[in-house]
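Descriptive structure summary
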Amino acid sequence: MSGILTKLKDKLQSYRVPGYRTKFEYKWTMVVDLDRCNGCEACVVACYAENNLPVVGKRDCDISRRFSWIRIERYIEGEYPDVKVKFIPIMCQHCDAAPCELGCPVYATYHNQDGLNVQVYNRCVGTFTCATYCTYDVRRFNWFTYKWDSPLEQQLNPDVTVREMGVMEKCTFCIQRIRVAKDTAKDEGRKVTDGDVQTACMQSCPTDAITFGDLNDPNSKVSKLAKSPRRYRLLEELNTDPSVIYLKRVMDEKKGHGSSHG
Amino acid sequence: MKNLIVNFIILVIFVVTLGVGYLIADQYIGRAPEQPINFSHKIHAGTNEIPCMYCHIYAERAKVSGAPNVQRCMGCHKIIKTESPEIKKLAGYWERQEPIPWIKVHNLPDHVDFTHKRHIKAGRKCQECHGPVETMDRVTRVASLKMGWCLKCHAKYNVKNGRECWTCHI
Amino acid sequence: MKRRYFLKFIGAGGIGTGLGMLFGQAIKPPGAKLIPYLIPPEDVIPGLANYYASLCTQCPAGCGVLVKIMDGRAKKVEGNPLHPVSGGKLCVRGQAGLQALYNPDRVQGPMRRKGARGSTSFEPISWEEAIGEVTTRLNDLSAKGESDKLYFLTPELGGHLGKLADDFMAGYGSSNTIKYDLFDYRNLRYANRASMGIKAIPHYDIENTKYLLSFGADFASTWLSPVGMSRGYGEMRQGGHTGRGKFVQVEPRLSLTAANADEWVPAKPGTEAVLALAIAKEIVDSGHYKGSDLKTWKKLLSPFGLSYASEVTDVDKKRIRHIAKEFMSTRPSLAVGGEGISGYSNGVSGLVAVNILNHVAGNLGIKGGVQANSNDLFGGNDADTVGAGIQTLINAAKESKVGLLFHYNNNPAFTTPGSAKAADALKNVPFIVSFSSFLDETTALSDIILPSHTSFEDWGDDFTNPAPGFQVATIMQPVVSSVYKTRSLGDIFIGIGKAVGGTAKAKMPNDTFATHLKASWKRLYAKDKGMSASSFTFETFWRETLARGGWWNEKSAKKRKLSVSTRSVARHVSKEPAKFEGESSKYPLYLLPYAQAGHLDGRGANIPWLQELPDPITSVVWDSWVEINPKTAKRLGVKMGDMAEIESPFGKVLSPVYVYEGIRPDTVAIPIGQVHKLYGRYAEKRGANPLEILPSTVDTRTEVYALNSTRVRIAKVSRPGDLVKMDVYTDELGRGIVQTVPTGGQFKKSSHH
């Protein structure tokens, strides 16, 4: 009897315990080294170019309608002359226990077999629930169908949908690039190997602060970096189990400012 | 008075459904638009047994199969059957150095990221989706190209991640 | 409802739908077209990307890029992984270059002025007409025997294009090529030549250094070669090969780069040179310096005692001593000097001081220090001329000595200080020909516009300067067909040269710039042993070079000794800090105009991506601002977002206030780049331009405008501000978002005060 119970419990838990997705083929993970990041925002422009993000203008920026799937948050602490500035790039954390996925009434956002939190545009009806539930404020809503002044539209990436009014969107870990890598790998009859997939932000980062890869592959660069003693995840106490791992900034902070628990 | 109202409602329903019918026509009736040149797949692919990918050159390598380039047409028709009126039309395009404005028969809805390459590499025959093109004088769409139709086939061949949204929708 | 009615409704619906569908089938337009290729291009598969190696020209750094092309359109610009400078990485401006290519506000073809000067009323003309008109003007001028009245105003033109332009000018009979960019490192070149005798800008090896002392070098956003330097910075921090390097930044304002430093030293504006020399004196006095000329150094540096330096620079004595100690004991260490030390009235002296500091600490010519660059492939260095500057042109124009002006891709009407009155001077020029691609403030003054290609549509090359210790030549190739009716600048010169005839024609042996470039490279190939050894024939070499993105040879790195002698630098060392206009009683605050990553000297302002990119420090979008210390703000009674009037002895501008802890209380800073009067829909009429209220102070040795050369006063104005910031809090509120670990035992804890 207890055997059956344990089995049942295991079965149930296998869907609830973070990390259960190790049984899948890939577990895409991003590692961001905050000691390398210098806040230059090259990643932000790379994301705009790769993912067809519209430019909304000053007025819409003012009412938080700016479309940046990745943003650099910076914190200024201390008083002159002992001022410390800290940068952190924040994009969708692709949580394994994602709050947004619970909220969607039409299953437009869900977890896929690679550990990605994905958004299906043609299912989305724009209830805004996911953005409300999101812990990291990374979801962006299309309040309008944005237009590009001609001929700027010639730059648009044909591999990525141009979203329309009423649809929620967010960082996809450049899934179009993952697909190209998988496509090539399949042609060559192998698995996607480390370095095949570069997200746009990682590719542009001049200080090499961002690394992307498969956590299921023990020899990948991310797997090695993920073991760093400087590792932490964003707001980990909320148990969202993010797929983005940050490496702590090396810095002498004054006592009383910030905290380095974790 | 009551009759008037009823007739009015009937009229309204008629007009509304007429509009709806107009809009959804493409989804239910096999599309067979008239093309600028009366090209016959029956003659080329059927009688003469030219392989599909001799003309649709990108099908194995890219998302799109590619409408045959005009040069490819002229490659044969410089010599073959040059006096036929349809070939003369073709020659006209070539002389003017204009591409032929073919009409799309198989037009996928937005949001679908379909790739010919993976389907060909998986060993699917062109005819499984496009029907017996080699018997058609004018190409008619035989499949609805709706998601249910796609998924039926994905289920049949037990496609890996075949029911995953982001396999087709980016 | 009666059943009869229901059936009637159903019937009506059914018949309606049926008829509608038939009707639709019959009359509906047949829908999307399927347009085939006429002749398929060999290397294009629809929907698959091709990558072409090329060169980025958004700033002078010369990064190699890959452009992603799909179906004939440029989709993305990425760094070229093989290129020694960019290494596959690219900065914000480089990536946003695409929106310059596809900018809706580009000049779409040759145009002739219709209305009054500056009225922006132009009429389109044909290329033949345009070249013909310019030729007539040139011939008129030379007929009068005034060939030398032709001036060519341009930023540094890299590689063979610059050479071709020089050939044209020489052939026509004019030596007046004026090179100008607001940030063009003339001071740096001059200082390096004066103190170390080197022509090329050396390689500052941030990657391998263990202690970086930067005097206002904002290398994370704009200075010298932001991508190359940022790559080095990342490796210095966590590359793992030498342990984490320490980084100290001296700057009155906490810039993006200073924000990453372990220590920020806010020295008083204009005193950085004194601080550098005081540190050098500490090093010399401590016995670290072992050179035979120790005595002369001691004598030269003797005025820079700790108490004097501390008093002038507002940096604690103990701290200066501490920095000196760490700087000499950490091996290798490296000092660099950027805009924050060269942007003063004595800019050259500041940069010489940095070189002295590197010399006495023993950082010259070593790994992790300053490495000399060999001359470029021309055998000399095209950038070694610190010849006539913009001030020469302005004076000549004022005195009506300019008969004809060629103008390309820089915008002096915007990027020179207001008191220099560049625009007014240019109005004196009888005929101005512009080769610019955008209708900016300077181009609007021209009489005829012959718009040139962007870097995506043109051929070209660049001998990267500063190179990473060895020769790097990057080739630019057209990756898309031209979007508008523009032409290659090289082709324009060849066209005009051939039309003018005489020596100018003789100097143009090739019909197009593309063939000229290839022919020139063939000559280089024949001359350079490394090149001819790399492949059997020139054709294969050329093909490989285009595919690779250029030519570089790490083996060409030559270790070269560098040193600074007291004799060469003595005349550049001065005890006095830099001068500022305006009495301190009337104008109590120093003004620091600075370059922002996205806009540089204002050239990025017409790119929507860059306008909407929040400033990394202030998070402001679509605007400029004035940074004020909270203490000063309180004294002045201004809050975040209030509008303030910034007044110097030379004028005033209005700007919203950004209250910022990272700036000295006696200093305010305004970013450069906004408030274009003209420059397309995205750039115009927003923000404030600090250059408008600057004096035309130059460092007389180089004719470089001193950006930090005036004091200002600030008053609140009642107009409501409209500053748009993307952040809400500047504090983490204890949420542990950016977690840190202490620097630990990697180096001793620094003494904070």
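Each remark here, short or long, concerns the structure printed above.
Just so it is clear, the model here is predicted, and its values are computed rather than measured.

**Re the interface of chain A and chain C**
One widely used convention gives an interface's size as the accessible area the parts lose upon coming together. With 74 residues of chain A at the contact, the number on the chain C side is 87 residues. Between chain A and chain C, a total of about 7,000 Å² is buried, with carbon and sulfur atoms accounting for 54% of that surface. Our enumeration of links across chain A and chain C arrives at nine salt bridges. Here chain A is connected to chain C by 44 residue pairs in polar contact (both at pLDDT 80 or more). Where the side of chain A that touches chain C is concerned, the elements lending two or more residues are α2 (42–50), α3 (58–62), β2 (71–77), β3 (84–90), α7 (200–204) and β11 (249–250) of chain A. In terms of residues, the side of chain A that touches chain C owes the most to one element, α2 of chain A, which gives seven residues. For the side of chain A that touches chain C, a count of residues per class yields 35 nonpolar, 15 polar and 24 charged. Two elements, β11 of chain A and strand β29 (residues 740–741) of chain C, share two bridges in a ladder whose sense is parallel. Across the sheet, Arg249 of chain A pairs through a bridge with Thr740 of chain C, a residue of β29 of chain C.

**Let's talk about the nonpolar core**
Most often, soluble globular proteins keep nonpolar side chains buried together rather than apart. Trp28, Met30, Ile88 and Tyr246 of chain A are the most contacted members of the largest nonpolar core, which totals 130 residues. Summarising the domain contributions, this core has at least three residues from each of domain 1 (196–371) and domain 2 (589–716) of chain C. Beyond its immediate sequence surroundings of up to four residues, Trp28 of chain A is in contact with Asp114, Leu116, Phe173, Ile178, Val192, Val197, Phe212, Gly213, Asp214 and Ser243 of chain A. Ala217, Leu306, Val315 and Ala353 of chain C belong to the second largest nonpolar core, which has 71 residues in total.

**Some points on the pairing of strand β15 (residues 404–407) of chain C**
All names here are of chain C. Residue alternation in β15 divides its side chains into two sets, Leu404 and Phe406 and Leu405 and His407, and both sets are buried. As defined by bridge partners, strand β7 (residues 150–154) adjoins β15 across four bridges and the pair is classed as parallel. Residue pairing for β15: Tyr151 is matched across the bridge by Leu405. Two strands pair when backbone bridges link them, and β15 and strand β16 (residues 432–434) are joined in this way by three bridges, in the parallel orientation. Its bridge partner lying in β16, Phe406 is registered against Val433.

**Things to note about the packing of helix α4 (residues 127–143) of chain C against helix α17 (residues 489–500) of chain C**
Residue and element names in this part refer to chain C. At a minimum axis distance of 9 Å, the contact between α4 and α17 shows a crossing angle of 55 degrees. Classified by the angle between their axes, α4 and α17 sit oblique to one another. The way α4 lies across α17 gives a crossing that is right-handed. Taking contact as the criterion, the partners of Trp127, Ile131, Val134, Thr135, Leu138 and Asn139 in α4 are, on α17, Ile492, Gly495, Ile496, Ala499 and Val500. A per-class count over the contact of α4 with α17 returns eight nonpolar, three polar and no charged.

**Remarks on helix α9 (residues 294–301) of chain C**
Residue and element names in this part refer to chain C. Those residues of α9 lying buried are Trp297, Leu300 and Leu301. Angularly, the buried residues of α9 cover 85 degrees about the axis, an arc narrow enough to put them on a single face. Away from its buried face by more than 90 degrees, α9 exposes Lys295 and Lys299.

**A word on the packing of helix α5 (residues 159–172) of chain C against α17 of chain C**
All names here are of chain C. The geometry of α5 relative to α17 is characterised by a closest axis approach of 10 Å and an angle of 20 degrees between their N-to-C directions. Taken together, the axes of α5 and α17 are roughly parallel relative to one another. Remark: the crossing between α5 and α17 carries left-handed chirality. For the pair α5 and α17, the contacting residues are Leu161, Leu164, Ala165, Phe168 and Tyr172 in the first and Leu489, Gly490, Phe493, Ile494, Ile496, Gly497 and Val500 in the second. Its residues assigned to classes, the contact of α5 with α17 comprises ten nonpolar, two polar and no charged.

**Topic: the pairing of β2 of chain A**
Residue and element names in this part refer to chain A. Of all seven residues that make up β2, seven are buried, and the element is covered over most of its length. In this sheet, β3 lies alongside β2 in antiparallel orientation, the contact comprising seven bridges. Within β3, the residue paired with Ile72 across the bridge is Pro89. Remark: six residues form the turn of the hairpin made by β2 and β3, two consecutive strands paired antiparallel; Gly78 in that turn has positive phi of roughly 90 degrees.

**Describing the interface of chain B and chain A**
Chain B puts 15 residues into the contact, and the matching count from chain A is 20 residues. Overall, the association of chain B and chain A removes approximately 1,700 Å² of surface from exposure, summing both partners, and the carbon and sulfur fraction of that is 45%. When the buried area of chain B at its contact with chain A is split by residue, His111, Trp166 and Ile170 of chain B rank highest and sum to 44% of it. Summed over the shared surface of chain B and chain A, the number is eight salt bridges. Across the pair Arg179 of chain A and Asp113 of chain B runs a salt bridge, and its minimum N-O distance is 2.4 Å. Where chain B meets chain A, there are 14 residue pairs in polar contact (both at pLDDT 80 or more). For the side of chain B that touches chain A, the secondary structure elements donating two or more residues are α6 (116–121) and α9 (165–168) of chain B.

**Here we look at the sheet that holds strand β8 (residues 210–214) of chain A**
All names here are of chain A. Spatially, four strands are ordered β8-β1-β10-β9 in an open sheet, and the strand pairing comes out mixed. Edge positions in the sheet fall to β8 and β9 (231–232), since each has one partner strand and no second. Bridge count between strand β1 (residues 28–33) and β8: five bridges; the pairing is antiparallel. Bridging across to β8, Thr29 finds its partner in Gly213.

**Side note on the side chain of Asn606 of chain C**
Residues and elements named next belong to chain C. Tracing the chain through its elements places Asn606 in the loop between β21 (589–595) and α23 (608–611). According to the relative accessible area criterion, Asn606 is buried, its value standing at 2%. When residues no more than four places from it in sequence are discounted, the contact partners of Asn606 are Asn103, Phe438, Tyr679, Tyr682 and Ala683.

**Details of unusual backbone geometry**
Look at the link from Ser150 of chain A to Pro151 of chain A: it is a cis peptide, with omega at 5 degrees. Here the residue pair Arg331 of chain C and Pro332 of chain C is connected by a cis peptide bond, since its omega of -15 degrees sits within 30 degrees of zero. Summarising the element assignment, Pro332 of chain C is placed in the loop between α11 (317–329) and β13 (333–337). The phi dihedral of Asp208 of chain A falls on the positive side, at around 60 degrees, and the residue is not glycine. Note that Asp208 of chain A resides in the loop between α7 and β8. Phi at Asp71 of chain C is positive, roughly 50 degrees, even though this residue is not glycine. Tracing the sequence through the fold places Asp71 of chain C in the loop between β3 (64–70) and β4 (73–79).

**Looking at the packing of aromatic side chains**
A ring pair, where both rings are aromatic, is described by two values, the distance of the centres and the angle of the planes. Summed over the entire model, instances satisfying the criterion amount to 37 aromatic pairs over all chains. Aromatic pair Phe141 of chain A and Trp143 of chain A: ring centres 5.0 Å apart, planes at 80 degrees, arrangement edge-to-face. Note on Phe141 of chain A: relative accessible area 12%, which makes it buried. With a centroid separation of 6.2 Å and 40 degrees between ring planes, the pair formed by Phe538 of chain C and Phe541 of chain C is classed as tilted. Taken together, the residues Phe538 of chain C and Phe541 of chain C, both in helix α21 (residues 538–548) and three residues apart, mark about one turn of the helix. A relative accessible area of 7% means that Phe538 of chain C is categorised as buried. With a relative accessible area of 0%, Phe541 of chain C lands in the buried category. Put simply, the rings of Phe152, Phe168, Tyr172, Phe406, Phe435 and Phe493 of chain C touch in pairs and so form one group of aromatic residues. Taking NZ or CZ as reference, Lys191 of chain A lies 5.1 Å from the ring centre of Tyr26 of chain A, over its face. Between Arg72 of chain B and the ring centre of Tyr54 of chain B, over which it is positioned, the NZ or CZ distance is 5.1 Å.

**A short note on the pattern of salt bridges**
Opposite charge on two side chains makes pairing possible when the charged atoms of those side chains draw close. This structure, assessed with the given rule, holds 69 salt bridges over all chains. Between Lys86 of chain A and Glu732 of chain C there is a salt bridge, with the nearest N and O atoms lying 2.7 Å from each other. Of this pair, Lys86 of chain A sits in strand β3 while Glu732 of chain C sits in the loop between β28 (711–716) and β29, which puts the two residues in different chains. Residue class for Lys86 of chain A comes out buried when judged on its relative accessible area of 0%.

**Brief notes about helix α14 (residues 390–398) of chain C**
Every buried residue belonging to α14 of chain C is among Ile390, Gln391, Leu393, Ile394, Ala396 and Ala397 of chain C, and all of these are buried. Once α14 of chain C ends, the next one or two residues include Ser400 of chain C, with phi positive near 55 degrees.

**Focus: a positive patch on the surface**
Residues Lys2 of chain B together with Lys2, Arg4 and Lys8 of chain C make up a contiguous surface patch of positive charge. Classification of Lys8 of chain C as partly exposed rests on a relative accessible area of 34%.

**Quick look at the environment of Arg233 of chain A**
Residue and element names in this part refer to chain A. Considering the arrangement of structural elements, one finds Arg233 in the loop between β9 and β10 (244–247). Placed 14 residues apart in sequence, Arg233 and Leu247 show a C-alpha to C-alpha distance of 8.3 Å. What Arg233 contacts, discounting residues up to four positions off in sequence, is Asp241, Pro242, Val244 and Ile245. Within the structure, the side chain of Arg233 is placed 2.7 Å from the backbone oxygen of Pro242, a separation counted as a polar contact.

What counts and how
Residues numbered from 1 in each chain as written. Chains lettered and ligands numbered in written order. Predicted model: local features only at pLDDT ≥ 70, side-chain atom pairs only at ≥ 80, totals over all residues. Heavy atoms only, no water. Contact = heavy atoms within 4.5 Å. Buried area = accessible area lost by both parts, 1.4 Å probe. Salt bridge = Lys/Arg side-chain N within 4 Å of Asp/Glu carboxyl O. Polar contact = N/O pair within 3.5 Å; in protein donor to acceptor, adjacent residues only side chain to side chain. Helix = DSSP H or I, 4+ residues; strand = E, 2+ residues; numbered from the N terminus. Nonpolar A, V, L, I, M, F, W, Y, C, P; charged D, E, K, R; others polar. Pairing = 2+ DSSP bridges. Core = buried A, V, L, I, M, F, W, Y, C linked by side-chain atoms within 4.5 Å. Buried < 20%, exposed > 50% of the residue type's maximum accessible area, 1.4 Å probe, protein only. Domains from an automatic or database assignment. Axes fitted to C-alpha atoms, helices over the stretch in contact; angles between N-to-C directions. Parallel < 35°, antiparallel > 145°, perpendicular 65-115°, else oblique. Left-handed = near helix turned anticlockwise from the far one by under 90°. Arc of directions from axis to C-beta. Phe/Tyr/Trp six-rings, centres within 6.5 Å; stacked < 30°, edge-to-face > 60°. Lys NZ or Arg CZ within 6 Å of the ring centre and 35° of its normal. Patch = residues over 30% accessible without salt bridge, like charges linked within 9 Å, V, L, I, M, F, W, Y side chains within 5 Å. Areas by Shrake-Rupley, 256 points an atom, 1.4 Å probe, with all protein chains shown as cover. Lys, Arg positive; Asp, Glu negative; His and termini not counted. Charge placed at Lys NZ, Arg CZ, Asp CG, Glu CD.

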